[in-house]
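Remarks on the overall topology
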Amino acid sequence: MSLTPGSHLGPYEITAKLGEGGMGEVYRVRDARLNRDVAVKVLPEHFADDAERLARFTREAQTLASLNHPNIAHLHGLEEAEGVRALVMELVEGEDLSAVIERGPMPVAEALPIARQIAEALEAAHELGIVHRDLKPANIKVRADGTVKVLDFGLAKAMDPCVTSGVDSAKSPTLTARATQLGMIIGTAAYMAPEQARGKPVDKRADVWAFGVVLYEMLTGERAFQGDDVSDVLAAVLRQELDWSKLPAATPPRVRELLRRCLERDVKLRLQAIGEARVALARPDELSGVSGAVPGDGPASLEKRAPRRAWPWAIAALALVGWAATAVVLTKRAPGNASTLRTSLALPDGLGIPTLYYDDGGGSLATLAVSPAGDQVAFVGVEGAEGALYLWRF
């Protein structure tokens, strides 16, 4: 049965084709009974003609219909007409996240709220025992008001083999299998967790991996795992180390750490629950900082250690510690000392170190202190009229 604009599928009138993939073709249709537009995903013919597969899929669809969350596209029901079987789903207006990423890296302030909503959707599904198994930017819609809708929950598990490879492996059709114990793969190559790529049974931690891949791509504007074909992509998923330097400098340390935990290949060491990611992203005010650097990401890192309102007390405390530390540094730098170490602190724009002046003959003392090992410097940084205590790690 050919579905073209103006044709009908039961009570639904086809108005436009929205797309197609390994799981079927998607159409925009008009529901004349309820006077609303919905989306219909027509199942592949070889799938719809298999009674066993269809029965299993129907059972899965009944479970998926129980998902009721503002960040999940709702499944309304199943429709059958003239031998064509289809899923009737909520029509989500908006842009695919894949199209947004193709335009380049997303600003951190824009990417993190989207990531938080994705995490909330996954958490709601996982609480019901539903694993997405095929999370990718193409399955995520971003509406004009910023609301995120995750599509196609659980369909990868519900469906059986249909296609194997494609030219663009990052957008390759969904690879599915009759059963994971047969060593087949379920999911989309570029977003599969390593255990998924090996054909092993998967659980909610596979979604955690895919979430990390999606967030990485949002922030970098680049594919996390690439290759000329599906096998190359799968090899990259299993062995390739990600280039963390591609993350924007403004990426908060907590987000960097979250990404590393999500993209841990050892499933036992990976972030165990997506709810942890949701919590980490729930307070954007705590994610912001002076610098996105974290220990190990560069020659030095800067960490904010106290709220700005406490800076007058910090200056007073550092004045005493700083005097002692400065004396030690000066002693070590005495002429003839071969162990002299000189370094410099490149502060972010607008941040400066104040100087305290004392009235015992004239002089000044910078408000900073050096650790005994010489690997950390604490100082009071002032930006405008406000200050805070900072820790610089070498």
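Note that the structure is predicted; figures quoted are calculated from it, not measured.

Overview of the packing of aromatic side chains
Enumeration according to the criterion identifies 2 aromatic pairs in this entry. A centroid spacing of 6.1 Å and a plane angle of 85° characterise the contact between Tyr 216 and Trp 244, whose relative ring orientation is edge-to-face. One end of the pair, Tyr 216, is in helix H7 (residues 204-220); the other, Trp 244, is in the loop between helix H8 (230-239) and helix H9 (253-262), with 28 residues separating them in the sequence.

Side note on the sheet that holds strand E7 (residues 95-96)
In space, the 3 strands of this open sheet follow the order E7-E8-E9, with antiparallel pairing throughout. Every other strand in the sheet has two partners, leaving E7 and strand E9 (148-150) as the edge strands with one partner each. Relative to strand E8 (residues 140-142), E7 runs antiparallel, the two sharing 2 bridges. The partner of Asp 96 across the bridge, within E8, is Lys 141.

Digging into the pairing of strand E4 (residues 36-42)
With 5 of its 7 residues buried, E4 lies for the most part within the structure. Here 7 bridges tie strand E3 (residues 24-31) to E4, and the two strands are oriented antiparallel to one another. Looking at E4, one finds that Arg 30 is bridged to Asp 37. The antiparallel hairpin formed by E3 and E4 contains 4 residues in its connecting segment, where Asn 35 sits at a positive phi of about 55°. Taken together, the 4 bridges between E4 and strand E6 (residues 84-89) define a ladder with antiparallel strand orientation. Across the sheet, residue Ala 39 finds its bridge partner in E6, namely Met 89.

Overview of the pattern of salt bridges
Evaluation of the coordinates by the stated rule reveals 21 salt bridges. Note that Asp 31 and Arg 33 form a salt bridge whose closest N and O atoms lie 3.6 Å from each other. Among the residues examined, Arg 33 registers a relative accessible area of 57% and is labelled exposed. With its nearest N and O atoms 3.5 Å apart, the salt bridge here joins Arg 261 to Glu 276. Note that Arg 261 is positioned in helix H9 and Glu 276 in helix H10 (residues 274-280), a separation of 15 residues in sequence.

Digging into the environment of Val 230
Tracing the sequence through the fold places Val 230 in helix H8. Among the residues examined, Val 230 registers a relative accessible area of 8% and is labelled buried. Taking the C-alpha atoms as reference points, Val 230 and Thr 188, 42 residues apart in sequence, are found 9.1 Å from one another.

Regarding the confidence of the model for the chain
Per-residue pLDDT for the chain has a mean of 75; in total, 62% of the residues score no lower than 70. Least confident of the elements in the chain is helix H12 (residues 311-332), whose mean pLDDT is 44; most confident is H7, at 97. Segment residues 175-185 is flagged for pLDDT under 50; beyond a separation of four residues in sequence, or across chains, it makes 38 contacts in the model. Long-range and interchain partners of residues 289-311, a stretch whose pLDDT sits below 50, account for 66 contacts in this model, where long-range means more than four residues apart.

Describing unusual backbone geometry
The backbone phi angle of Asn 35 is positive, close to 55°, even though this residue is not glycine. Within the secondary structure, Asn 35 sits in the loop between E3 and E4. The exposure class of Asn 35 is exposed, given its relative accessible area of 56%. The backbone phi angle of Arg 133 is positive, close to 75°, even though this residue is not glycine. By the element assignment, Arg 133 lies in the loop between helix H4 (108-127) and E8.

Some words on the packing of H4 against H7
It is at 10 Å that the axes of H4 and H7 come closest, and there the two elements cross at 165°. As summarised for this structure, H4 and H7 are arranged roughly antiparallel, according to the angle between their axes. The way H4 lies across H7 gives a crossing that is right-handed. Contacts between H4 and H7 involve Val 108, Ala 111, Leu 112, Ile 114, Ala 115, Ile 118, Ala 119, Leu 122 and His 126 on the former and, on the latter, Lys 204, Asp 207, Phe 211, Val 214, Leu 215, Met 218 and Leu 219. Looking at the contact of H4 with H7 residue by residue, the classes come out as 13 nonpolar, 1 polar and 2 charged.

Analysis parameters
- Residues numbered from 1 in each chain as written.
- Predicted model: local features only at pLDDT ≥ 70, side-chain atom pairs only at ≥ 80, totals over all residues.
- Heavy atoms only, no water.
- Phe/Tyr/Trp six-rings, centres within 6.5 Å; stacked < 30°, edge-to-face > 60°.
- Helix = DSSP H or I, 4+ residues; strand = E, 2+ residues; numbered from the N terminus.
- Pairing = 2+ DSSP bridges.
- Buried < 20%, exposed > 50% of the residue type's maximum accessible area, 1.4 Å probe, protein only.
- Salt bridge = Lys/Arg side-chain N within 4 Å of Asp/Glu carboxyl O.
- pLDDT = per-residue confidence, 0-100.
- Contact = heavy atoms within 4.5 Å.
- Axes fitted to C-alpha atoms, helices over the stretch in contact; angles between N-to-C directions.
- Parallel < 35°, antiparallel > 145°, perpendicular 65-115°, else oblique.
- Left-handed = near helix turned anticlockwise from the far one by under 90°.
- Nonpolar A, V, L, I, M, F, W, Y, C, P; charged D, E, K, R; others polar.

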